[in-house]
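Geometric and topological summary
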Amino acid sequence: MSKQSSNNPPPEPSGKPVLADNRMLALFAETVEQAPVAISITDDKANILYVNQAFTRVTGYAPEESIGRNESMLSDKNTPKAVYDELWNRIKSQQIWQGYLLNRHKDGRRYLADLTIAPILNDRHETTHYIGMHRDITEMYRLEQRVNQQKVLIETVVDSIPVATVLLDESDRVVLDNKMYKTLSSDLGLSDPARTFIDILREDMAEEWERMKKKKSGFHNREVRFDRGGHHAPRWYACAGSWFCQEDDRVEAFFHENSHTYLLLTLTDITQQKKHAEEIRINALKALMAEEEKTQRLRETLSGAIHHIQGPINLLKAAKTMLTRRGLDDRNIALVDILDQIRLAGEQSVAHMKRCIPESNTSAMTPVNLNQLLHETIVLLTERLLASGIVVEWKPTPVLPALMGQESHLRTMFKQIIENAIEAMNQSGIVTRELRISTWSDKHLLHVSIEDTGPGIPDELRIKVFEPFFSTKNDGHGGHSGTGLTMAQEVINQHLGLIRIDPSYRDGCRVRIQFNIHNMMFVPEKASDHG
Ligand code: FAD
């Protein structure tokens, strides 16, 4: 087949037909012309050779007003020289440059151009032209700036709120916090105090928490006590929270709307107010306890007297039985008669004394914080502790669930146990005088441990010490009725708790007390009189 016989154009080296190439070129040209982004093609000095329709729309310059001029005609002359140096360094080394330039529209207004410049190379790998593509992003930039400014404004406002404020997502992660929250975090020595507060509030509010969260409502003035132990006084916070919903701003939610729930939590330190109230309360308690002590002493004295009279009465009864068994002659009858009269007189005295025993107050059952009771008891006994040179190590668990109980009875019980410890350490020969009190809780139980460095209680007396009128203190002063631990056990029993002397502790005495958190405490109709 000859070369002339063919009507088809000769094939190009690429193998594509020339006609197809021309159509493709025309298509490319039209595509560039109609592309929605401003496109310009320049020589290697940035002199404009071609601009598309979008270029005219974005810059205001028609092709005849721009072709032949340098791209610098677009410059607002406000872009730093360093930016141009970087631009040129990059495109001169045949790399693509992308960045932002401040341009001026033909009508004089400034606009921010998001520009990409790419070098166009010939087949010898030399840069012959550049193609520039840019968009006016002024509006987007303005919006972004406004959002950033609003964010800064919000952060500044939140930071200046004189209350610890924290925003939490659904997983209790901190999204936003303020300076006061950071201060609170370092004050309490917790990296994430919000979590601790939320755990307490959730436990405290139970179903109410979930209900409020569902309704996107809120709560306020929920008081939380935080015990740091040692020499640190307890701290109090008034907590408020409100839930709200926010649309998901992540790209995943672009087509499928999604919203998230946030909790805004504020923690107001009300320790000063509480301290003041506590001072008033402690003073009132001191007076109340002094009164209660007087009553208690009277109860103990009368109970002790009854106990002591009861013995001879029992002897009289036994003597009468013996005499009656032996057979009664005239002498015996007279004796039995006298014995009966004495017994009767004794029993009448006992009955009279029993009537005189003052009843112990039955206080109402309320949610009681054992940390608070123990702290108050330590404060009440501070003078005695100092006078005895006793060092107190107070280690409460930071947050203790409440116990339903009779506050005054529990306080008296703790006071009794601590007073026992003080007395034990006051014995001569005791050099190290330390009182260690700690509390903790697990799922079901509240635990209290009170240990001293006194002489301790011998193994064989560990159970006996809870018996009425038993005392290890045989100092002959008669100051110990031996009803203290009996009373303590009685109060603990009423609260369905347990008290025991820890046999493993050998450096003194360690009293272990535990209560069921969900106790169904009963109140006896009439309080026992320890007799
Ligand atoms: P000029 O005196 O032109 O240059 C300032 C600095 O730029 C110089 O110091 C030098 O470091 C560098 N420079 C300029 N020309 C060259 C060169 N030929 N070789 C090496 N370095 C050089 N500028 C805009 O402001 N807005 C635009 O939209 C814009 N689009 C462009 C699109 C393309 C495709 C190209 C190639 C350039 C574009 N430029 C644009 C850059 C523009 O050409 C100018 O360099 C710039 O505007 C600065 O102009 P000037 O008159 O202020 O300073």
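Since the structure is predicted, the reported quantities are computational estimates derived from the model, not experimental observations.

**Section: the packing of aromatic side chains**
Enumeration over the complete set of coordinates arrives at seven aromatic pairs. Here the aromatic residues F197, F226 and Y237 are joined through ring pairs into a cluster of three or more. The positively charged end of K274 is found above the aromatic ring belonging to W236, 4.5 Å away from the centroid.

**Side note on the environment of L263**
Mapping L263 onto the fold places it in strand β10 (residues 259–269). Counting along the chain gives 21 residues from L263 to S242, while the straight-line C-alpha distance between them is 5.6 Å. In this structure, L263 is in contact with V166, L167, L168, I198, W209, G241, S242 and W243, ignoring residues within four places of it in sequence.

**Considerations on the site of the ligand**
Contacts to the ligand come from 20 residues, most closely from Y84, D85, W88, K92 and N103. For the ligand, an oxygen atom lies 2.9 Å from a polar atom in the side chain of Y84. Between D85 and the ligand, the recorded distance is 2.4 Å, taken from a side-chain N or O atom to an oxygen atom. Taken by itself the ligand offers 910 Å² of open surface, and the protein chains cover 75% of this. Of all the elements in the fold, those that place two or more residues in the shell around the ligand are α4 (81–92), β3 (97–104), β4 (110–121) and β5 (127–136). At six residues, α4 tops the list of elements feeding residues into the shell around the ligand. Counted by class, the shell around the ligand contains nine nonpolar, six polar and five charged residues.

**With respect to the domain arrangement of the protein chain**
It is common to report an interface's size as the accessible area lost on association of the parts. When cut into domains, the protein chain gives domain 1 (32–136), domain 2 (159–269), domain 3 (276–356) and domain 4 (366–516). Here the C-alpha centroids of domain 1 and domain 3 sit 112 Å apart.

**Quick word on the sheet that holds strand β8 (residues 218–226)**
Within a sheet, adjacent strands bond to each other through the backbone by hydrogen bonds, running parallel or antiparallel. An order of β7-β6-β10-β9-β8 is seen for the five strands of this open sheet, with the pairing classed as antiparallel. What marks the edges here is a single partner per strand, and that holds for β7 (174–177) and β8. Ignoring which end each strand starts from, the neighbouring axes of this sheet average 25° apart. The pairing of strand β6 (residues 164–168) with β10 spans five bridges and is antiparallel. Paired with L167 across the strands is L264, a residue of β10. On the sheet, helix α6 (residues 179–188) packs against β6, β7, β8, β9 (235–247) and β10 and is oriented at approximately 100° with respect to β6. Across the face of the sheet, helix α9 (residues 271–326) comes into contact with β8, β9 and β10 while running at roughly 145° to β9.

Conventions adopted
- Residues numbered from 1 in each chain as written.
- Predicted model: local features only at pLDDT ≥ 70, side-chain atom pairs only at ≥ 80, totals over all residues.
- Heavy atoms only, no water.
- Phe/Tyr/Trp six-rings, centres within 6.5 Å; stacked < 30°, edge-to-face > 60°.
- Lys NZ or Arg CZ within 6 Å of the ring centre and 35° of its normal.
- Helix = DSSP H or I, 4+ residues; strand = E, 2+ residues; numbered from the N terminus.
- Contact = heavy atoms within 4.5 Å.
- Near = heavy atom within 4 Å.
- Polar contact = N/O pair within 3.5 Å; in protein donor to acceptor, adjacent residues only side chain to side chain.
- Areas by Shrake-Rupley, 256 points an atom, 1.4 Å probe, with all protein chains shown as cover.
- Nonpolar A, V, L, I, M, F, W, Y, C, P; charged D, E, K, R; others polar.
- Domains from an automatic or database assignment.
- Pairing = 2+ DSSP bridges.
- Axes fitted to C-alpha atoms, helices over the stretch in contact; angles between N-to-C directions.

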